[in-house]
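So the chains spell out like this:
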Amino acid sequence: MKKHIGWIAGTAAAALVAAGAITKAVAEDGDGGGAGLKVPSADGADAGFARDMAVHHQQAVEMSYIVRDRTKNTEVRRLAYDIAQTQANQRGMLLGWLDLWDLPKVSAKPPMSWMGMGDMPERGDGSLMPGMATDTELKKLGTLNGKQAEIFYLQLMTDHHKGGIHMAEGCVARCTVAVEKSLAQGMVDAQQSELTTMKQMLTERGAKPRA
């Protein structure tokens, strides 16, 4: 047990060190080989991705903590913990960059405007961007237990990852800050791998993704 706790603490510490290093790298990612901080525009892809993905990530963290209280399955709890920790740390980076750039964390423009998708129809009920669960779905997850909770979580998170990958690919194509583009590509790679894992976990439970 002590070894397990130590491993978790070590992982969290490593993540915080990495977050600090990436934030520092953003500060040094300027024009002319270190000529100063290059501040993106408030309406550009760099700031838009940081704002929207921070919101998107927060829901993934919330869902992951919900399911950890609804099942005792080690495999699902481990996946949920990994997703929660990873996305919480990434969210901290994104919000930290907005602070570093002295840019607002909210925008009057609709979500996804930086991707040219500001006019997309909303699902409503708390689902602000592609892949996000509705408030009703989150409440339902909180009422399920065991295998039912596991399946619904895996289905919701599969949708969530697909939406997140679409957004991250948008940043890879449009963002101008190199380290942010790198983080976005890392999100794509990691979440695609998790999609494969979650599909297999659903199959093992006699279920499949919703779409």
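Residues numbered from 1 in each chain as written. Predicted model: local features only at pLDDT ≥ 70, side-chain atom pairs only at ≥ 80, totals over all residues. Heavy atoms only, no water.

**Points about the pattern of salt bridges**
- Overall, the coordinates contain seven salt bridges when judged by the stated rule.
- When the shortest N-O distance is used, the salt bridge between Arg-205 and Glu-75 registers 3.7 Å. Within this pair, whereas Arg-205 is found in the segment after helix H6 (178-204), its partner Glu-75 is found in helix H3 (residues 74-101), the two being separated by 130 residues in sequence.
- Given the relative accessible area of 33%, Glu-75 is considered partly exposed.
- Glu-204 serves as the salt-bridge partner of Arg-205, at 3.9 Å between the closest nitrogen and oxygen.
- On the accessibility criterion, Arg-205 (9% relative accessible area) is buried.
- Via salt bridges that share partners, Glu-75, Glu-150, Glu-204 and Arg-205 belong to a single interconnected network. (Salt bridge = Lys/Arg side-chain N within 4 Å of Asp/Glu carboxyl O. Helix = DSSP H or I, 4+ residues; strand = E, 2+ residues; numbered from the N terminus. Buried < 20%, exposed > 50% of the residue type's maximum accessible area, 1.4 Å probe, protein only.)

**Some remarks on the side chain of Ser-127**
- With respect to the helices and strands, Ser-127 occurs in the loop between H3 and helix H4 (135-141).
- One polar contact links the side chain of Ser-127 to the main-chain carbonyl oxygen of Met-132, over a distance of 2.8 Å. (Polar contact = N/O pair within 3.5 Å; in protein donor to acceptor, adjacent residues only side chain to side chain.)

**Looking at the state of the cysteines**
- Applying the stated criterion across every chain, the model contains one disulfide.
- Between Cys-171 and Cys-175 runs a disulfide, and the two sulfur atoms are separated by 2.2 Å. Residues Cys-171 and Cys-175 share a disulfide whose torsion about the S-S bond is about -120 degrees; that sign makes it left-handed. Across the pair, Cys-175 and Cys-171 agree in class, each one buried. (Disulfide = S-S within 2.5 Å.)

**Examining the packing of H3 against H6**
- In contact at an axis separation of 12 Å, H3 and H6 are set at 160 degrees when each is read in the N-to-C sense. By the criterion of interaxial angle, the relationship of H3 to H6 is roughly antiparallel. Crossing of H3 against H6: the hand is left-handed. Of the residues in H6, those in contact with Glu-75, Val-76, Leu-79, Ile-83, Gln-87, Gln-90, Met-93, Leu-94, Trp-97 and Trp-101 of H3 are Val-179, Glu-180, Leu-183, Met-187, Gln-191, Glu-194, Met-198, Met-201 and Glu-204.
- Residues of the contact of H3 with H6, tallied by class, amount to 12 nonpolar, three polar and four charged. (Axes fitted to C-alpha atoms, helices over the stretch in contact; angles between N-to-C directions. Parallel < 35°, antiparallel > 145°, perpendicular 65-115°, else oblique. Left-handed = near helix turned anticlockwise from the far one by under 90°. Contact = heavy atoms within 4.5 Å. Nonpolar A, V, L, I, M, F, W, Y, C, P; charged D, E, K, R; others polar.)

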